[in-house]
Amino acid sequence: MAREREKAKFDILDKIMKERKTRNWTEYTLSQRAGLPQSTISTWYRKDLQPSVASIEKVCGALDISLSQFFADYQDDGTVVLNDEQKELLTVWDRLSGEQRSSVLQMLEALQKKG
């Protein structure tokens, strides 16, 4: 029963908002990239509605993540599942010097702002 209560804590709307804000996207930007009406996304928040699985898939497509990555914050054992590309990125990251890591972060932040 405690596990059921724990599962209820995952907030889909909050996750979408965090992913969107991480990318510095407005609701409009997300709607355009996901192929959803902006009013649909706005209504989810205004009326506290849960999006359909089909809508979540569209949002994930826009965010360039899989459904499993979207729900990765909630794994039964608390771990995050990484795809091969993410594993490779972390492997390369581990080989970088502190100065190189700082440069990569600056570049990524600049790319993110271009959004």
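To start, this report covers the structure provided alongside it.

Rules behind the numbers
Residues numbered from 1 in each chain as written. Predicted model: local features only at pLDDT ≥ 70, side-chain atom pairs only at ≥ 80, totals over all residues. Heavy atoms only, no water. Core = buried A, V, L, I, M, F, W, Y, C linked by side-chain atoms within 4.5 Å. Buried < 20%, exposed > 50% of the residue type's maximum accessible area, 1.4 Å probe, protein only. Helix = DSSP H or I, 4+ residues; strand = E, 2+ residues; numbered from the N terminus. Contact = heavy atoms within 4.5 Å. 1 Å grid on protein atoms, 1.4 Å probe; cavity = no way out; pocket = protein on both sides within 12 Å on 5 of 7 lines; lining within 4 Å. Points joined across faces, edges and corners; volume = space filled by probe spheres on them. Nonpolar A, V, L, I, M, F, W, Y, C, P; charged D, E, K, R; others polar.

### Side note on the nonpolar core
(1) Moving on: Of all hydrophobic cores here, the largest spans 16 residues; its most connected members are Ile16, Leu30, Trp44, Val59, Leu63 and Phe70.
(2) Moving on: Contributing elements (two or more residues each) for this core: helix 2 (12–22), helix 3 (27–34), helix 4 (38–46) and helix 5 (53–63).
(3) Moving on: Looking at this core, the element that brings in the most residues is helix 5, giving five residues.
(4) Moving on: The contact partners of phenylalanine 70, leaving out residues within four places of it in the chain, are Phe10, Ile12, Lys15, Ile16, Ile56, Cys60 and Ile65.

### Remarks on the layout of surface pockets
(1) Moving on: If you add up the space inside the second largest pocket, you get close to 190 Å³.
(2) Moving on: Looking at the second largest pocket, the residues that line it are Leu89, Leu90, Val92, Trp93, Leu96, Val104, Leu105, Met107 and Leu108.
(3) Moving on: Elements with a minimum of two residues in the lining of the second largest pocket: helix 7 (84–95) and helix 8 (98–114).
(4) Moving on: Among the residues making up the lining of the second largest pocket, the classes are represented as nine nonpolar, no polar and no charged.

### Examining unusual backbone geometry
Across residues other than glycine, the phi torsion is negative in most instances, and most of the peptide bonds are trans.
(1) Moving on: Positioned with a positive phi, aspartate 48 is a non-glycine residue whose angle comes to about 50 degrees.
(2) Moving on: The residue aspartate 48 is located in the loop between helix 4 and helix 5 in this model.
(3) Moving on: Assessed through its relative accessible area of 58%, aspartate 48 is described here as exposed.
(4) Moving on: At aspartate 64, a position not held by glycine, the phi torsion is positive, near 60 degrees.
(5) Moving on: Structurally, the position occupied by aspartate 64 is in the loop between helix 5 and helix 6 (67–70).

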